[in-house]
Structure formats: structure tokens, C-alpha cells
Amino acid sequence: MKRSNSNTLERCKKFFSKAKNSFTGKYQLYTGEKLNWFQVIFRLEKSVLPAILPWVIVSGLYGFLVSLLYRYGVPIGFPHKSGVLTNAILTFNVGFTLLLVFRTNTANERFWEGRKLWGSLVNTVRNLAQGIYIVVKEQSPKDKVQKEATLRLLVAFAVAMKLHLRAECLDEQVESLMSEIQYLKLQETHHPPLQIAFWIRDYLQHQHDRNCLNIYQLTALHKLVDDLVDILGGCERILKTPLPIIYSIKLRQLLLIFCLLLPLEIVTNLIWWTGVITAFVSFTLLSIEEIGSQMEEPFGHDPSDLPLDAICNTMQHNVEELITLAPSSEFDWRV
Amino acid sequence: MKRSNSNTLERCKKFFSKAKNSFTGKYQLYTGEKLNWFQVIFRLEKSVLPAILPWVIVSGLYGFLVSLLYRYGVPIGFPHKSGVLTNAILTFNVGFTLLLVFRTNTANERFWEGRKLWGSLVNTVRNLAQGIYIVVKEQSPKDKVQKEATLRLLVAFAVAMKLHLRAECLDEQVESLMSEIQYLKLQETHHPPLQIAFWIRDYLQHQHDRNCLNIYQLTALHKLVDDLVDILGGCERILKTPLPIIYSIKLRQLLLIFCLLLPLEIVTNLIWWTGVITAFVSFTLLSIEEIGSQMEEPFGHDPSDLPLDAICNTMQHNVEELITLAPSSEFDWRV
Amino acid sequence: MKRSNSNTLERCKKFFSKAKNSFTGKYQLYTGEKLNWFQVIFRLEKSVLPAILPWVIVSGLYGFLVSLLYRYGVPIGFPHKSGVLTNAILTFNVGFTLLLVFRTNTANERFWEGRKLWGSLVNTVRNLAQGIYIVVKEQSPKDKVQKEATLRLLVAFAVAMKLHLRAECLDEQVESLMSEIQYLKLQETHHPPLQIAFWIRDYLQHQHDRNCLNIYQLTALHKLVDDLVDILGGCERILKTPLPIIYSIKLRQLLLIFCLLLPLEIVTNLIWWTGVITAFVSFTLLSIEEIGSQMEEPFGHDPSDLPLDAICNTMQHNVEELITLAPSSEFDWRV
Amino acid sequence: MKRSNSNTLERCKKFFSKAKNSFTGKYQLYTGEKLNWFQVIFRLEKSVLPAILPWVIVSGLYGFLVSLLYRYGVPIGFPHKSGVLTNAILTFNVGFTLLLVFRTNTANERFWEGRKLWGSLVNTVRNLAQGIYIVVKEQSPKDKVQKEATLRLLVAFAVAMKLHLRAECLDEQVESLMSEIQYLKLQETHHPPLQIAFWIRDYLQHQHDRNCLNIYQLTALHKLVDDLVDILGGCERILKTPLPIIYSIKLRQLLLIFCLLLPLEIVTNLIWWTGVITAFVSFTLLSIEEIGSQMEEPFGHDPSDLPLDAICNTMQHNVEELITLAPSSEFDWRV
Amino acid sequence: MKRSNSNTLERCKKFFSKAKNSFTGKYQLYTGEKLNWFQVIFRLEKSVLPAILPWVIVSGLYGFLVSLLYRYGVPIGFPHKSGVLTNAILTFNVGFTLLLVFRTNTANERFWEGRKLWGSLVNTVRNLAQGIYIVVKEQSPKDKVQKEATLRLLVAFAVAMKLHLRAECLDEQVESLMSEIQYLKLQETHHPPLQIAFWIRDYLQHQHDRNCLNIYQLTALHKLVDDLVDILGGCERILKTPLPIIYSIKLRQLLLIFCLLLPLEIVTNLIWWTGVITAFVSFTLLSIEEIGSQMEEPFGHDPSDLPLDAICNTMQHNVEELITLAPSSEFDWRV
């Protein structure tokens, strides 16, 4: 009997240790950092705060003003029992809520589409790397060097695409992935990733001309480079075409009206709390809106953005492992 | 200690300079212009105003009439406490709101599908350009000229497609991208982009007959031209099949009823403000509806439309850079 | 100063002439006809009226009966202030509205999918036509005749598919697009479009056997014929599998209950208007439902259906232009 | 004048005969049967009734109990005017309604995805049949017999897949479509459709080895067999992974709470009708839920399920027509 | 007559036995176990309980505190009739509900996308297995052994991918599917599935070099291996990119506010029941939220997760059956 008891006890302990985790559990950010939820909220809100704080303060003051006027007898609050007016306001609120949901949905889809494109990039780079490694024949040690340089160009394509999407200059990671001549050339072009794609194609065609690459496999590998360029174009599309601007303006207009109406709705009940509540509500709504507009362009450095650095490093890691490990394995396992 | 203080100060400054941006920040239009939000609103509303202004004025006058009648004792407003009637109206409002959201969603999807098609066009043109450049062998300098002419035909396809979608005549940009004979021929045809696609195919087939282009690669390039024609057909589909007309008519009917009912709902509370509020609400709803119907056909010149000119110029730029830069790079980097 | 004034005047005129358009503007039907909105409504409503008129009359009479009973003192209307009952009705209304939106959405998606399939048909026919024209070699004038006959068979496929979807017999347009022997054969088969697809494949294979068509290009063209058959199957799928019948029955049940409850909700306020309002509301809802069920099968002759005749004519036009114009252009532009 | 009158009369007649149809119109079930709407409702409800009747009776009795208690003075109904409680209930109702809509949507998507897969199956079988028929060369009459046997194996694949999805044994339709040896083999395997796909591939490879089938076309046909296996896997996926079970349990929990609360909401107004109304409402909701869970697995024998038998027969019909008609047509029309 | 009676009786019995099933019916879990609904609920709730129980207890205590304060006369509950405040709360509730639905939808889509990827994995493994089995020629018995080893590597890929997604070490199932040397190599790599994909490609290329595999079919099989890697990347994407963390934080914030407001809404009506009801409502909402966040990562061991073990076993079973049965069938049926 005793054993069963102790078992129950242990299970309880385990149970509550798990429960405790939910209080103090840590969230993993995309960047790989683990923070508890206070830090996460702090980190995330910090990124939107500068943009919305002035508005929050203004709406708080406005709410305070309304409660002041109400106290001094100005009949500024909506009367308690006005069934149909209530109605009109409710409709407005529902419509406004739906528009906010629509905005959130759209931003989320865009974010997710960006993620899918980078996921496809990882896949395509892996397939191209394995494909080139296995398929292209080596006739001399120099061929091997060139092949490895081309595999690194695949990673360089991804990094250059990241920098291109962020409108940043080429950095040392790109430099480390190619020869010096290439790096100089790259700095002259307006569209580095396209240029790198061109070099990869050129390498493949050249190997075909040297009879190291079959025409069918050349065509199949060209198809994968086409996919690279498609992914590049897809990301540019997301970057350059946000939600039609008219919708975000309409949403802000409605948000303004909502914040103007809110104190009038609640002042008769909450009196002096009006200002605080209004500030809090406007803070919530504005931060949702602001986050939505940040997520629409998921290629930047914001904490809600995609972890492009981590993804690029994953690709580099995979390619390096392929270069290091594969050759030896090629012979052993067939025995 | 002092240093930390000044640091805080600096951070504060930076913080508020960022905050200030949100007040005076500039929006980037698709066309590349940067305007502050007053200008953006002005620009956008201007495009819908002529179509909706008369209706806004009429509904404002109607609202004023209702408040006049109410003041002179006509029992025209809904009574304050009619729970179930309120209900019926609320249901109508919710249904109406959902239909408006449905309309907005559909228009947005159509806009976004149009954007995707043009994004694919950019990708396909880039792939075809690089493919043709690398794969087709040159036996004489004349071949090089012809190849470059064909690359420009790719851009011409995009521009001709843009003009075809806008039902405009061929312009000088098209003319500058092809020979004179071709331009004359093109003016005779009813469907210029199809004709250009035909020429590109013809060029490819001709190179194959001259043994400058392998049969596999010919097939792969033909596939890309097929994609061009698919994109063209997709855009025509969006252009020619708007939301079934019956829905936009139903929506307008409901919108009319909504504007007729609104003053009766609010007149008992707002009295003389009724007209103004009614005009404002009808303005908001009508402009949402109007913008929706503008966005459905995203290939025109409206400020909410797709920046087709900019996209075409991007393609032309990419192709020109390929022609200029590539040949020299071809030799250097392999060293 | 004067000039500026006159300019303002002109702009005003232009502004209002555009505004005027929105009053008297004409809608373009899919068929190409342009009608003003009275005619459009009339045309569209006419197609649904016969099916829903009896129900509208019945619900109007029922509304009148309710108001009659109410006047004679039967306590048939819902009491003014029954918060929670109101609630139950509101929930029902919201649920009903959502189901109606669901139905509308589904019908619209089906309509749009049908449109996409026909759009792909246009693309595939264009690609096949250009592909066959360019790729198949001609050894004798007879070959050219046969090639053109095959191009026309592509159009015949589209027309036969249209007729097959409408469950109509072959008409003279089909007859004009093929030889007499073929037309006779076609009348024997149960599935004319499949038979035509078979002939096109057979022609391609035959050209391959005569060494006029490369094996790769044969395979690529076969792939396009596969796409034709896929499109055909997709349209049959839409035609044969409407929204699960149980949903449209449930929707009608709820619609009936809605119309039964409505007069009880509004009779205490509207009294004698009850009948008219009930008839109008039931008219609106029933016509939405009816239009939805019409749009689900978008291949017929209803005014909301897809303009299949126009699409088929576009294809025929494109193919004829290809046959007429292309050969001459083939030689000129390469100079 | 008279003529016009009679014309009007005739049109009226026609109009009302059409109207009459909407009263007595027949619905076409997927199985091809035509029933009027009483029969359809009866047929459909019958399939869900056994599962939900007990619950309906229980909730009816519970409603009756509530009205009994209310009559004897137990203050069991919600008070008339409790604005905020009303609110909480309303929120619950809206949330519950949204969850029901979510469930319906998911079930419908799953149904429709199943339909699409079977539509693709029809297309792929048609393409494979025509492809094999045209492409594989015949060197002897025996070849023709074998080819026709393979075409029938395509149909056998579809039928075996149907039976596999329904967890049924092989039936005589499968037996009639293959040789006796094959049928015996098939009974030994655990996964008949996969085995049949293997045979089709084997036949194709064998024809290639005999030089009756080109390597490219072999690859293209293999691709189509790959599609067959993809479709099979897709249907298995739908079958084996219903909506996560936790959702349907949560939905039933909420449904239970809803039925417990409903009588309390309406008893103060409806008194003795409470039982009947509660039973009816619970019947409607439960049948929606039940239909949803039936439609999730659309491959069975329920009246709402997909008409797999009819689809299989269509395929068989198409293949038989191909075998019968095609050979003769092959020669005639080229003249 | 009697017969008919007994028939009715029997039908009744059958009817009720079916009805009874709905009371005691068993649900099939993904794992294949069959449990009745008490066990299912218990199993499922158990998995989320540890994480949410503390919160449930806290909110219950809070609700009890509110009712205590209310009883002692603190005017803590919302007043009965405050139309517009009610309104503001209702709007909040609707918005909150919509966000919860959004979250549920997103989690479900992610779950379903994961399921689709694993479904595609099954299809691709089947296609690759049949393809390799049929297409690769055997020149010696050793070839057959190697071929079967490669088929098992396909299963090993799936199992290794499962372990990789779960961040678990290689287990004996993987070990049993490959040679010892391979298993040792695999333990060194950081990304076992990628390594296995490399081996499969290497095997195919090697067979091509030995003239046992045609170049076209090699390319087609390489394409299928590309698909394997794509599926792997897709699953990694789902695993590594949950719903943007900001949304789940916002949702929890709103959930907290909701639970804080609820007792104030209902205390005036329910008094001492407040605590119980609050605890129950918070339990329902928290478990929905928790389940959502569990389903987002559908590759683990939770009872709501995908049955990856079962899927892997299905693949192993199919491959083993192919190895066992196929060879004999290859000869028989062609007779």
C-alpha cells in the first residue's frame, strides 16, 4: 500500500512542478533566446511603444477631460437607456472589431507566406546542394574546389537576399562565401541575389559544356535555380505591396472615432476611472494595429519578425556538413 | 553617474523623435512617392469622391429632414425602449456589416491575386532572360544582337500586357523595345502580347533548328513561355469577371436601406446633429464600397491600383543589367 | 484670377459629370451588354422571381394576418421588454445570418472556381495552339491543312465541353470546326469532349510517327492535353456536386422559421406595415438564397452565369488570328 | 390586342408553372434519384435520427420539467431585466454559434477535398487510359488484349480504392475487371489498390523493355501512376484524421450547456411551450452537429456521402467507350 | 399482418440499439485505441490540466471573493440597467471571442498542414519504393539485397524525421532499418534525415553509373527525393515558427481581463454560485487556449498530436509487403 502512496505523492509533485512551469515557464523567441513572459512582453511592447505612446497619452487626457466635464454637470455621457442609439454604437463596434480582425488576419497571412517562402528556400538550397554534390562529376581536384565554392554560393544567395530585402549593404558573411573578384563584382550590381543566381547557372552550364553534367540533370538543376529566383520574387512582392494603404487609413480613422466615443459610453458608470480605462483600451487597440503593420513586413529586425539570420545560418551549417561529411560516407556504406 | 544620465537623456530624445515620426511620418505609395497622411487621405479620397459625393449630400439632407420633422412633433424616431424591434434592426446591421466585410475580402483577394500574377511575371521574365542568355549558343556577333533583341521582347511582352489590360494603345516604350517591322505588325493584331509570345517561341524554335539550342532546354524554355501566357490569361480573367454583379447590387440596396433607417434610430438622441452624422456615416460606408469596387480592377491608374509601371520598369532594369554586366563576369570569376 | 476661376468651374463641371455618371452609369454584363442599373436589377431579379414569388406572397399574407390578429387584441406580438427572450431570438438571427453568409461564400467560391477553370482552358488552348503551330514540322501543303484542322479541334473541344456541361446537343458551331466524318462520329459518342481530346492526342502521336514531331515536344504537348482533360473533369465535378443538399434544406428550414417569427417581433411597432415589411424581407432573403443556388451551377444560361459563349468565341478568335497572321510574321521580323 | 393578351396569359401560365415547380420541385440526390423535398428531408433526417433521438427526448423532458417547476412558483427562469447577465449569456451564444460554424466549415472543406480527390482520380484515369491506348505500340493481337486488360485495371484501381476506404472486401465488380490469378493474388494482400498500381507500373516497364514504349512516355505515364497513389494517400488521410477529437467533445459540452440554459431563458415567456421548443432547438443543433460528423468521413454509404459508386461507374463507362469506339475512329478522320 | 408487426419490432430494436450506441459509443483515438467518451475526455483533459489548474483555482477563489464582498454590501457588481456600459462589455466579449476563434483556426490549420505533409510523405515513400523496385535493374543477387536495403532506408528517413522533429535520439527502429556502419555514421551527423536522403540519392546515382538505371528515370526518382526533403523542411517550418508570440500573449491578456470582469457581471444574479461558474468558465476558455497551443506543435506525444508512430509503421508495412509479395506476382499475371 505504501508504495502506491508514495507513487501518488510523486505523481502529485510532478504534476505541480509542471503546473509551476506554467507560471514561470519560458517562451522561446524565434531568435533562440528563452525569456519568461514578463521579459517577452517587455521586449515586444518596447518595439511598438515609441510609435503609439503619444496617442495613448492623448486619449488618456481626453478621457480625463470627459470625466471632468461630466462631474461639473455637462450632460456629456450617453443616457443610460437609449435602446436604439446603443444599437447604432454596437453595430459600429462590431464593424470595427471585424475590420481589426480582417487586418490581423491579413498581416498574419503575409507573415506566414513570408515564412513559407523562406522555408522553400531552405528546401531548395538543400536539394540543389545535394544535387550538385552528387551529380556533377569531378575530373580534377580543382573541380572539387570549384564545386564547393558553388555550394557556398547557394548560401551566399540566401544571405544576399536577406540583405537585399532589408535594404542593407553586403556584409562580411557574404564576403566569406565567395572569392574576392566575385565580391567586387557584386558590389557593382544593383541586384546581388540575381547576379549570384546567374553565376550558379553559369557554373552548371559550364560543367555541361565540359561533359561533367548530363543535359537532363542540367535541366533539372536549372529548374531548381528557377525556384530560387521565384522565391526571391515572392519575398520582394510581400515587401513592396503592403495591405492597400486605404484600408489601414480607414482602420485608423475608425480607431480614432472609437477612442472618441468610448469615454462618453463609460463615463456615467466609471466617472474618474474613465481616463485610465480609455488609455488602456487605446493602448491595447493601437498595439494590435501597430503589431499588424510591423508583421506585414516580416523581413526586418523587429522582435516579431522572421529569424532570417537563424535560417541563413541553418543553411550554411547544412551545406558545410554536406561538404565535410559526405565524401567519406560515399564509399563506406556500399560495402 | 553623469554619463548614465546623459545616456538616458539621449535615449529619451531618440525615443521621442521616433514617436514624433508617428505623427508626421510619411507613407510610401506604390508609385514610390512619399506623402504624409493628410496628403495620402486627400489623394485617395479624391479618387472616390466624385462618385459618392451626390449620395452623401442626399443622405445628409434626408437626415436633416428627419430631425426637422422630429422637432415639429412628427413621431418619426424609433421609441426608446422597444427591445425586439431593436433586435430586428441589430440583426439587419450585423448582416449588412458581414456583407460589407465579405465584399471587402473579395476585392482584397482579387487585388492580391493580381499582384501575385505580376510577381510571377517578374520571376518568369527573370528566369527566361537568364535562361536564354546562358543556354543559347552564339555563333556570330549577329546572334548576340538577336539574343538581346529577344530579351527586350520579354520586357515588351510585359508592357504590352499592361497596355492590353488597360485597353490602351501601344506606346513608345513598346516601340523602343522592338524593331520597326515588329512594331508595325503588332499594331495590326488584336492581341499584341499573344503575338509577342509567339515571336519568342519562334525565336527559340529557330535557334533549335540552327543547333544553337538543345531540345531539352528548348522544351524547358517553352514551358516558361507557357507560364507567361498563363499569367496573361489570369490577369484577363480578373479583369473580365468582377464580383457577380448581383452581389454589388444587393449590397447597394442594403446600404440604401441602412442610410434610410439610421436617422430614425438616432434622431431622438442627437436631434440636430442627425444630418451631419448621417452624412458622415454614409460617406464612410460608400467610400468603403467604392474603394472595394475600384480595387476589384487593380490594373488601372487609380491611386489604389497596382504599380504596373514601376513593375515593368523593374523588369526592364533587370534585363538591361543582365545584358550589360553579365558577359564580362562570365569569364573573370572562374579563375 | 479669372483664369483660375474658369478652371475651377471646368473642374467642377467635370467633377459633376463624373458624379452624374454614378447615377446613370451603366453596368457591363458578362455578356457584353451595357445596361443601366434599373435594367440590370430587372434582368437579374426576373430570373429568380418565378421561383420565389409564391413564397413572398404567402409571407406577406401571413404578416397581414398577424397584424389583423394583433389589432383585434390577440396578444400575439412579443412583449416589449423581455431581455432574455430577445436574446434567444437575437442568437437565432445571428446564427441564421452566419449560415446565409456561409452559403453565399460557398456559392461564390464555386462560381469563381468554375471561372478559373475556364480561364485555364483559354490559356491551355492558346499554349497548345502556338505550340502545335510552331513545333510540328510541315512536309507538304496537306500537312498545313491538317495542322489547321487540329487547331480548330482545340476550339471544338471548348465548345463541346460547354455543350456537355449544359447537357445540350452538338450545334452548328461544333460542326463548323471539324470535318463531316468527325461530326458524325462525335454524335455517336456519349462524351464528345473526351473523344476530341483523343483525336488531338492521336494527331500528335501520328506526327511523331512521321518524324514531324520530336519525342520531347510530343510529351510536353501531351501534358497540355492532359490539362485539358483535367479542366473538363474539374467542371464536371462542380456541376455534379452542389453544396451538400442537407445544408440548403437546413437553410430553408431556418429561413421559414425566420419569416414566421419576424411579424411577431415587429407587429407591436409597425402594426399595419407588418405585411409589407415581411414580404420585402422575405423577398430579399429568398432572392439571396435563390441566387446562391443559381450561382452554384455557373455553366447555364442564367444572367448570373459565366459567359461561356463569349469565352469560346475569344478562343476561336485567337486561334483564327494565329492561323491568319502568324505565317507571314515568321519570316519578316528576323531580318 | 387579343394576341397580346393571350400571350400575356401564356407567359403567366408558364411563369406560374415554374413557380409551382418551386413548391413541388424535385431534388436530385448524388445517387441520381429524384425526390421531392419531403422525401429528401425524410431520407436525410432518417440517417441521423437514431443517433440523436434519445438526446432530443431527454431535452424535451427537461424543458417540460422546467416549465412545471416555474408554474409551481420555483423562481427558475432568468429575470426579465438583467442587462449584464443577458450579456454573458449572449456572449456564450455567439461563441457557441461561431464554434458550430467552424465545425460546419471544417466538415464541408473535408467533404469537398474528398470530392476533389475523386475528381482528380477520374481525370487521371482518363488521361492514363488515353495515354496508354495511343502511346503503347501493339506488335501482336495478344498485345491488344493485354493493353485492354491494363485499361480495365485502372478502373479496378478505383473500385478497389473505394472498397479499401469503406473497409469492405473485394467484390464481384473488382473480380470482373481482372484475370482470375490476379484476383487471387489481390485477396492475399493487405492493400489491394497499391498492388494494382504496382501491376500497372510493371506492365508499363515491361512494354518499355519490349521496345513498345518510349522512355520519355514511360516516365510521363509513371508520373500519372504516381498521381494515382497520391490520390489514394489523400483519401486515406481524410479518412484517418478527423477533426481533432477534442474539438468535437468541446462542442458537445457547449451544446449540452446551451440546452440546459435555453429553457431558463424562455420559460418566463413561453411557459408550457418550453418543452416543445427546447426539443425542437436541440433537434436542429444536434442534427447539424451529427451531419457534420457524418460528412467528415465522406466515403461511406450515408445519403450525404459522396456518390463513389456512380463515379466508379462513370470511369468504367469512359474506359469501355474508349476500347469500343476509338480504334475505328483512328483511321477514318485523317482522310 | 403479424410479420409486418414483428418486422416493425425488429426495426425498432435495431433503431434503438443504434441509438444506444450514441450513448455508449466508443471514439477511436489516432493511436487506434477505442475508448468511450468519459475516458476520452479524461485522457485529453489530463494532458492540459497541470498547465491550467492553478489558474482555474485562482479565478474560482477570486469569484468567491467577489460574491463575499457583494454580500457584505460592497457595490461591486455592475448595475442592472446600464445600457451603454453593457454595450462596451459586449463589444469586448465579441472581440475576445473572435480572437479565440482566430487562434483556434490557426492552430487547426497548422495541425492539418502537418497532417498533409505526413500524408505526402506516405505517398512519396510508396511511389519511390515502387519506382525503385520496378525501374532499377538487377544484375546479381547482391543487387537485390542492396535494393531492399535502399527501400528500408526510405522508411528510415521517415522514422529519423519523426525523431528529429521530436528532438529525440535515434532509436532501435532506425537501427533495424540500416547497416551498422550507416547507423554509426548517422549518429555523428547533426541532421540524420538529410544524411539518409543523401544516401538514397547516392545509391540512385551509383546505379545510373553502373547502367542499371536510365538517366530519365534517375531524374524522375531524384525529383521524388527532392519532395522528401521538401516535406522535411515543411515540418521543420511548422515546428519552428508558431503563431507569432505576440498574439498568444495578447490573447492571454484579454483572457485575464475577461476572467476579472466576469464575476462582476454575474454576481448580482448568481451571488454564491459566482465562484463555481467563474472557475468553470475559466477552465473552458483556458483549456481551449491550451489545446490550441498544444496542437500548434503536432509532432509530439500529446494525445491530440499526430499519430506519427502509426504512420511510420504503415510505411514500413507497405514497404515490407512490397518486398515480400511483389517479386512472385511479377511473373504470374502476365500469362
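Residues numbered from 1 in each chain as written. Chains lettered and ligands numbered in written order. Predicted model: local features only at pLDDT ≥ 70, side-chain atom pairs only at ≥ 80, totals over all residues. Heavy atoms only, no water.

**Some words on a negative patch on the surface**
A contiguous patch of negative charge on the surface is contributed by E109(A), E109(B), E109(C), E109(D) and E109(E). Relative to the helices and strands, E109(C) resides in helix α3 (residues 83–135). Given a relative accessible area of 54%, E109(C) falls into the exposed group. (Patch = residues over 30% accessible without salt bridge, like charges linked within 9 Å, V, L, I, M, F, W, Y side chains within 5 Å. Areas by Shrake-Rupley, 256 points an atom, 1.4 Å probe, with all protein chains shown as cover. Salt bridge = Lys/Arg side-chain N within 4 Å of Asp/Glu carboxyl O. Lys, Arg positive; Asp, Glu negative; His and termini not counted. Charge placed at Lys NZ, Arg CZ, Asp CG, Glu CD. Helix = DSSP H or I, 4+ residues; strand = E, 2+ residues; numbered from the N terminus. Buried < 20%, exposed > 50% of the residue type's maximum accessible area, 1.4 Å probe, protein only.)

**Considerations on the environment of G114(D)**
All names here are of chain D. Counting through the fold element by element, G114 comes out in helix α3 (residues 83–135). Exposure remark for G114: the relative accessible area of 0% places this residue in the buried category. Along the backbone, G114 and F299 are 185 residues apart, and their C-alpha atoms lie at a distance of 8.1 Å.

**A closer look at the packing of helix α8 (residues 215–240) of chain B against helix α8 (residues 215–240) of chain C**
Where α8(B) meets α8(C), the axes come as close as 9 Å, and the angle between the chain directions of the two elements is 25°. On the basis of the axis angle, α8(B) is roughly parallel to α8(C). Regarding α8(B) and α8(C), the two cross each other, and that crossing is right-handed. Residues I215(B), Y216(B), L218(B), T219(B), H222(B) and D226(B) of α8(B) lie in contact with α8(C), whose contacting residues are Y216(C), Q217(C), A220(C) and L224(C). (Axes fitted to C-alpha atoms, helices over the stretch in contact; angles between N-to-C directions. Parallel < 35°, antiparallel > 145°, perpendicular 65-115°, else oblique. Left-handed = near helix turned anticlockwise from the far one by under 90°. Contact = heavy atoms within 4.5 Å.)

**Quick word on the packing of helix α7 (residues 192–209) of chain D against helix α8 (residues 215–240) of chain D**
Packed helices, taken two at a time, are described by the angle their axes make and the gap between the axes. All names here are of chain D. With their axes 10 Å apart at the nearest point, α7 and α8 run at an angle of 180° to one another. As the angle between them shows, α7 and α8 are arranged roughly antiparallel. In this structure, α7 contributes P193, L194, A197, I200, R201, L204, Q205 and H208 to the contact, and α8 contributes I215, L218, L221, H222, V225, D226, V229 and L232. Considered class by class, the residues forming the contact of α7 with α8 number 11 nonpolar, 3 polar and 2 charged. (Nonpolar A, V, L, I, M, F, W, Y, C, P; charged D, E, K, R; others polar.)

**Some details on the nonpolar core**
Core analysis: the largest hydrophobic core is formed by 437 residues, its most contacted members being W118(A), W118(B), W118(C), W118(D) and W118(E). Among the elements that line this core, the one with the most residues is helix α3 (residues 83–135) of chain E, at 18 residues. When residues of this core are assigned to domains, at least three map to each of domain 1 (49–78 + 244–295) and domain 2 (111–241 + 309–325) of chain A. (Core = buried A, V, L, I, M, F, W, Y, C linked by side-chain atoms within 4.5 Å. Domains from an automatic or database assignment.)

**So, a positive patch on the surface**
There is a patch of like positive charges on the surface, built from K116(A), K116(B), K116(C), K116(D) and K116(E). Tracing the backbone shows K116(A) in helix α3 (residues 83–135). Residue K116(A) is classed as partly exposed on the basis of its relative accessible area, which comes to 35%.

**Comments concerning the side chain of R126(E)**
With respect to the helices and strands, the residue R126(E) is situated in helix α3. Apart from the residues lying within four places of it in its own chain, the contact partners of R126(E) are H191(D), L194(D), V229(D), L232(D), G233(D), E236(D), T314(E) and N318(E).

**Digging into α8(B)**
Note: α-helices contain 3.6 residues per turn, so residues at a spacing of three or four share the same orientation. Residues and elements named next belong to chain B. With 26 residues, α8 should cover 38 Å at 1.5 Å per step; its first-to-last C-alpha distance of 37 Å lies within 8% of that length. Judged by how many residues are buried, α8 sits mostly within the fold: 20 of 26 residues are covered. Measuring from the side-chain oxygen of the N-cap residue of α8 to the backbone nitrogen of Y216 gives 3.0 Å; that N-cap residue is N214. (Expected span 1.5 Å × (residues − 1). Polar contact = N/O pair within 3.5 Å; in protein donor to acceptor, adjacent residues only side chain to side chain.)

**Observations concerning the side chain of R103(E)**
The topology assignment puts R103(E) in helix α3. Residues in contact with R103(E), not counting those within four places in the same chain, are L243(E), S248(E), L251(E), E289(E), G292(E), S293(E) and E296(E).

**Observations regarding unusual backbone geometry**
In this structure, A167(D) is a non-glycine residue whose phi angle is positive, near 55°. Mapped onto the fold, A167(D) is located in the loop between α4 (141–165) and α5 (172–176). Looking at A167(D), the relative accessible area reads 72%, which means it is exposed. Of note, the phi angle at N211(E) is positive, near 65°, even though the residue is not glycine. In this structure, N211(E) sits in the loop between α7 (192–209) and α8 (215–240).

**Some words on the confidence of the model for chain A**
All names here are of chain A. Confidence along chain A averages 79 in pLDDT terms, with 78% of residues attaining 70 or more. Per-element averaging of pLDDT across chain A places helix α1 (residues 2–24) at the bottom with 48 and helix α4 (residues 141–165) at the top with 92. Every residue in residues 15–24 scores below 50 in pLDDT, and together they form 13 contacts with partners more than four places removed in sequence or on other chains. (pLDDT = per-residue confidence, 0-100.)

**Re the packing of aromatic side chains**
Within the structure shown, the criterion is met by 10 aromatic pairs over all chains. Ring centres of Y133(A) and F198(E) lie 5.9 Å apart, and the angle between their planes is 65°; on these two criteria the pair is classed as edge-to-face. Of this pair, Y133(A) sits in helix α3 while F198(E) sits in helix α7, which puts the two residues in different chains. We classify Y133(A) as buried; its relative accessible area is 5%. With a relative accessible area of 2%, F198(E) lands in the buried category. Through successive ring pairs, a cluster of aromatic residues spans Y216(A), Y216(B), Y216(C), Y216(D) and Y216(E). Positioned over the ring face of W112(A) is R110(E), at 4.4 Å from the centre of the ring. (Phe/Tyr/Trp six-rings, centres within 6.5 Å; stacked < 30°, edge-to-face > 60°. Lys NZ or Arg CZ within 6 Å of the ring centre and 35° of its normal.)

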